[in-house]
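Tertiary structure, described
Here is what each chain is made of, one letter per residue.
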Amino acid sequence: MFAYDDYHRLRSAELRRTAERDRLVREAVRTARETRRAGGRGAGARQDGTEAESHTGGPGRSGGPERRRFTRAA
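Every chain is numbered independently, its residues counted from 1 as its sequence is written. Whole-chain, interface and lining totals are the exception, using all residues; otherwise, since this is a predicted model, local features are given only for residues with pLDDT of at least 70 and side-chain atom pairs are given and counted only at 80 or more. As a rule here, side-chain values come from all non-hydrogen atoms in the structure, and water together with hydrogens is ignored.

Here the focus is the overall build of the protein chain. Secondary structure elements follow DSSP: runs of H or I of four or more residues count as helices, runs of E of two or more count as strands, with numbering from the N terminus. Tallying secondary structure elements over the protein chain gives 1 helix and 0 strands in all. Note on exposure labels: buried denotes an accessible area under 20% of the residue type's maximum, exposed denotes more than 50%, and partly exposed covers the range between, all computed with a 1.4 Å probe on protein chains only. Burial status across the protein chain gives 3% buried among its 74 residues. Of the accessible surface of the protein chain, which amounts to about 7,300 Å², a share of 52% is contributed by carbon and sulfur atoms. Values of accessible area rely on a 1.4 Å probe in the Shrake-Rupley scheme; residue burial ignores everything except the protein chains shown.

Right, here's the structure in full:
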């Protein structure tokens, strides 16, 4: 069994790795968004020059459970 200090050290290292990975993901998303915006007016551009953002958090898009179209039979 781990002593508390060992557990604390392992947990802290895990949290630091998770935070670093999340920071890198946010940076990659931000860079991709800036590149898309700087790329000019593409298919998703609006009249005023701003680009439409896609919303990918809906049901069925992120690997989550899909919403049922009909209610379940009794």
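Here we come to the pattern of salt bridges. Counted as salt bridges are all cases of a side-chain nitrogen of Lys or Arg within 4 Å of a carboxyl oxygen of Asp or Glu. For the structure on display, the rule yields 4 salt bridges. The salt bridge partner of Arg11 is Glu14, with a shortest N-O separation of 3.6 Å. Taken together, the residues span about one helical turn, with Arg11 and Glu14 both in helix H1 (residues 4-38) at a distance of 3 residues. Residue class for Arg11 comes out partly exposed when judged on its relative accessible area of 36%.

Geometry only, nothing functional implied.
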